[in-house]
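Observations on chain architecture
Chain by chain, the residues run as shown.
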Amino acid sequence: MSMPFYVSPEQAMKDKADYARKGIARGRSVVVLQYDDGILFVADNPSRALHKISEIYDRIAYAAVGKYNEFETLRLAGVRYADVNGYQYDRRDVTARGLANAYAQSLGNIFTETPKPYEVELVVAEVGEDADTDQIYRLTFDGSVRDEHGYVAMGGQVEAVEQALKERFSEGLSLAAALRAGVQSLEAQEADRRLEAKALEVAVLDRNREHRLFRRLTAPRIEELLSESS
């Protein structure tokens, strides 16, 4: 008679975490960084249809890496959460912190209670009146949340991207300089890598806009900004 196969809870959690990390590392990277007029999102993403960066609400946006169908499910849940709370209470009651807490709960439950964890990492960001009141939260596959300041890198060879961002980031960068720093950091994963504008997905939360502060940058605008900062 064969003995039942036993895996300790600690080992099961470790296996799930390793599985999720490997899935996220296989994806392409995303960077999020503050600039003088808001928050910039830059993704290594040649697809025009499958977005890694999205608007969630008036002042809030979302960036994700990992499995598209999983982070798209989370994005839709975030939009619903924001719409329901904004409608029932007040638009100002919808915050990045509230959304990050809701995501942390969902991801934590999925990680502990289902056989397969989500292979995703997220950033939820809210632009404030100035850089000091910007909010950037990073969420990992197990529901852990970190409050970030300045810049964040996720996915791919994340250590190389993070190191390059650390060297290039400073407070109060112009949009052109921040975009250049973000793109160069994404390129740092491979010695001869050059990302063209059409291979990038770029968006901003611009604190100087009215009402909806999220906007996407077109390939010609990305090219123009990169030539400005070179």
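About the cut-offs
Residues numbered from 1 in each chain as written. Predicted model: local features only at pLDDT ≥ 70, side-chain atom pairs only at ≥ 80, totals over all residues. Heavy atoms only, no water. UniProt positions renumbered as here; feature names shortened; annotations may be inferred. Helix = DSSP H or I, 4+ residues; strand = E, 2+ residues; numbered from the N terminus. Rg over C-alpha atoms; globule rule 2.2 N^0.38 Å. Buried < 20%, exposed > 50% of the residue type's maximum accessible area, 1.4 Å probe, protein only. Areas by Shrake-Rupley, 256 points an atom, 1.4 Å probe, with all protein chains shown as cover. Phe/Tyr/Trp six-rings, centres within 6.5 Å; stacked < 30°, edge-to-face > 60°. Lys NZ or Arg CZ within 6 Å of the ring centre and 35° of its normal. 1 Å grid on protein atoms, 1.4 Å probe; cavity = no way out; pocket = protein on both sides within 12 Å on 5 of 7 lines; lining within 4 Å. Points joined across faces, edges and corners; volume = space filled by probe spheres on them. Salt bridge = Lys/Arg side-chain N within 4 Å of Asp/Glu carboxyl O. Pairing = 2+ DSSP bridges. Axes fitted to C-alpha atoms, helices over the stretch in contact; angles between N-to-C directions. Parallel < 35°, antiparallel > 145°, perpendicular 65-115°, else oblique. Left-handed = near helix turned anticlockwise from the far one by under 90°. Contact = heavy atoms within 4.5 Å. Nonpolar A, V, L, I, M, F, W, Y, C, P; charged D, E, K, R; others polar.

The name that an unreviewed UniProt entry assigns to the protein is Proteasome subunit alpha, with the source organism given as Thermomonospora umbrina. The heading Function (unreviewed entry) in the UniProt record of the protein holds the text "Component of the proteasome core, a large protease complex with broad specificity involved in protein degradation." The UniProt entry for the protein carries this comment under Pathway (unreviewed entry): "Protein degradation; proteasomal Pup-dependent pathway."

**Brief notes about the overall build of the protein**
Each helix and strand in the protein was counted, giving 6 helices and 10 strands. Taking 17 Å as the expected radius of gyration for a compact globule of 230 residues, we find that the protein reaches 18 Å, a close match to that expectation. Its C-alpha atoms put the protein at 75 × 50 × 30 Å along the principal axes. Expressed as a percentage of the 230 residues in the protein, the buried residues total 50%. Of the roughly 11,900 Å² of accessible surface on the protein, 50% is carried by carbon and sulfur atoms.

**Some details on the packing of aromatic side chains**
A full pass over the atoms with the stated rule returns 4 aromatic pairs. Both rings, one in Y62 and one in Y103, keep their centres 5.9 Å apart while their planes meet at 50 degrees; by these two values the pair is tilted. Pair noted here: Y62 is in strand β4 (residues 60-66) and Y103 is in helix α3 (residues 96-113), with a separation of 41 residues, a long-range link. Looking at Y103, the relative accessible area reads 3%, which means it is buried. Ring centres of Y68 and F71 lie 5.3 Å apart, and the angle between their planes is 80 degrees; this geometry places the pair in the edge-to-face category. Of this pair, Y68 and F71 both sit in helix α2 (residues 68-88), 3 residues apart, roughly one helical turn. Judged by relative accessible area, F71 falls into the buried class, the value being 3%. Note that K16 overlies the ring of F111, its terminal NZ or CZ placed 5.7 Å from the centroid.

**Some points on the layout of surface pockets**
Empty space within the largest pocket amounts to approximately 150 Å³. Forming the walls of the largest pocket are R21, I24, A25, E121, R138, T140, F141, M154, G155, G156, V158 and E159. Listed by contribution, the elements that provide at least two residues to the lining of the largest pocket are α1 (9-26) and α4 (158-168). Considering each element in turn, the lining of the largest pocket owes the most residues, 3 residues, to α1.

**So, the pattern of salt bridges**
The full count for this structure, using the stated rule, is 19 salt bridges. For the salt bridge of R221 with E224, the shortest nitrogen-to-oxygen distance reads 2.9 Å. In this pair, R221 and E224 both sit in helix α6 (residues 219-229), 3 residues apart, roughly one turn of the helix. Residue classification places E224 among the partly exposed residues on the basis of a relative accessible area of 43%. One network of salt bridges, in which partners are shared, links R26, E70, K116 and E119.

**Here we look at the sheet that holds strand β6 (residues 135-139)**
Read from one edge of the open sheet, 5 strands run β3-β4-β5-β6-β7, paired in antiparallel fashion. Only two strands of the sheet have a single neighbouring strand rather than two, namely β3 (53-57) and β7 (145-148). Each adjacent strand pair in this sheet contributes to an overall mean axis angle of 25 degrees, direction not counted. As paired strands, strand β5 (residues 120-126) and β6 are joined by 5 bridges and run antiparallel to one another. Residue pairing across strands places V123 opposite R138, the latter belonging to β6.

**A word on the packing of α2 against α3**
Where α2 meets α3, the axes come as close as 11 Å, and the angle between the chain directions of the two elements is 135 degrees. Accordingly, the angle class assigned to the pair α2 and α3 is oblique. Note on packing geometry: the crossing formed by α2 with α3 is right-handed. In this structure, α2 contributes L74, R75, G78 and Y81 to the contact, and α3 contributes G98, L99, A102, Y103 and L107. Tallied by class, residues from the contact of α2 with α3 come to 6 nonpolar, 2 polar and 1 charged.

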